[in-house]
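# Working through the structure, step by step
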Amino acid sequence: MYNDKLKVANKIITDTDLIDIFNKMWEELEKYNKICKQEEQRNMVYERPYQTWTAENFSGTLKFTVNFDDNTNITFDNYNNFLSIFNNRIYDIKSIYVYYSYHYSVQYPNTPSKYYSQSINMSIYEEKMDVEVSLSSEDKKMDEVYNLIKQKILTAREKYDRVIKKKNIIITKICFGIGLIPSLILVSLLLIVPTVREVFSNGYVLYPICVIIFGYIIGSIFTSKVSSLYSTIITDKKYSHYDTDRGKSVYKDDIDAFMSKGEILIGKKTDNLKKREQIEEMEKKYSKFIPYELGVLLILSIIVIFL
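One structure accompanies this document, and this report is about it.

About the cut-offs
Residues numbered from 1 in each chain as written. Predicted model: local features only at pLDDT ≥ 70, side-chain atom pairs only at ≥ 80, totals over all residues. Heavy atoms only, no water. Helix = DSSP H or I, 4+ residues; strand = E, 2+ residues; numbered from the N terminus. Rg over C-alpha atoms; globule rule 2.2 N^0.38 Å. Contact = heavy atoms within 4.5 Å. Areas by Shrake-Rupley, 256 points an atom, 1.4 Å probe, with all protein chains shown as cover. Buried < 20%, exposed > 50% of the residue type's maximum accessible area, 1.4 Å probe, protein only. Core = buried A, V, L, I, M, F, W, Y, C linked by side-chain atoms within 4.5 Å.

## Considerations on the overall build of the protein
Summing up its helical and strand segments, the protein has 11 helices and 11 strands in all. Against the 2.2 N^0.38 benchmark of 19 Å for 307 residues, the protein shows a C-alpha radius of gyration of 30 Å, more extended than a compact globule. Summarising its shape, the C-alpha atoms of the protein cover approximately 110 × 40 × 30 Å along the three principal directions. Considering only intrachain contacts with a sequence separation of at least 6, the fraction spanning at least 24 residues in the protein is 70%. For the protein, the accessible surface area stands at approximately 16,900 Å², while carbon and sulfur atoms represent 56% of it.

As structure tokens, this is what we get:
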């Protein structure tokens, strides 16, 4: 026997990954139940010393204990019942504990029977997934399930991906993409005022600077959506400094804490991958506007100088 532990850090485990693992567990359990019955029929015609068993008296367990946000929990011995709850109430799930085990004997003709007991325990939360296994090094019946779990973890998408690494740049791009057009219109309308027009004409860089500043301010107002998307993805914060002007402490994203944890797409984390995709779509959409906006800004800046 050997024991092993797997932990998820800086990886995103999707609900599809979990379903693939659970389905594999169920399929393997059904397979060995079937093999046990087939061997019972086949060995009936042989005396005990000449019988061959790979799963004698096979007893397998797949049990789920699900904890919900309202502090209730349900234990499922029936896989289909669990699957129905998982699919229909995934947003309400706080944690899942999975107990998976095989108990059986193996015997070949004229050799002693040998008993095996193997198990996999999974503790699944929104920010971590721990897997503990107790497997036989001689009989590999549970290895396919174990290898699938390892494969899912090792090949999972990184949690600290480009959307997180480039957060400030992405928000700034969206901000200017949204804000520069209304800012160009607003600041250009100010040229109607003779005094403002004269100031802009004499200060060559004042017009573009004003457009950029107002563009950022206007864009910031309308980027609350992307900020709210990020707030549900990055929940770890750490103290940065005390803002004396506003009289309160300022906190920033704690990336080290963020990377040390996993991201399991259940409960409040269920839509996090979709939220990343929304952020990427917004960045792509509004980034297209910026070159044209800067081109218009350059032309108008030149025109203002000669007014």
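## Overview of the environment of tyrosine 99
With respect to the helices, strands and loops of the structure, tyrosine 99 is situated in strand β5 (residues 93-107). Under the relative-accessibility criterion, tyrosine 99 is labelled partly exposed at 29%.

## Comments concerning the nonpolar core
Most often, soluble globular proteins have nonpolar side chains that are buried together. Phe22, Met25 and Ile120 are the most contacted members of the largest nonpolar core, which has 47 residues in total. Those elements that provide at least two residues to this core are α1 (15-43), β3 (53-68), α2 (79-88), β5, β6 (114-125), β7 (129-135) and α3 (143-154). Tallying contributions element by element places α1 first for this core, with eight residues. If you look at the next biggest cluster of nonpolar residues, it comprises 15 residues, including Ile170, Ile171, Tyr230 and Ile279.

Purely spatial values, then, with no claim about function.
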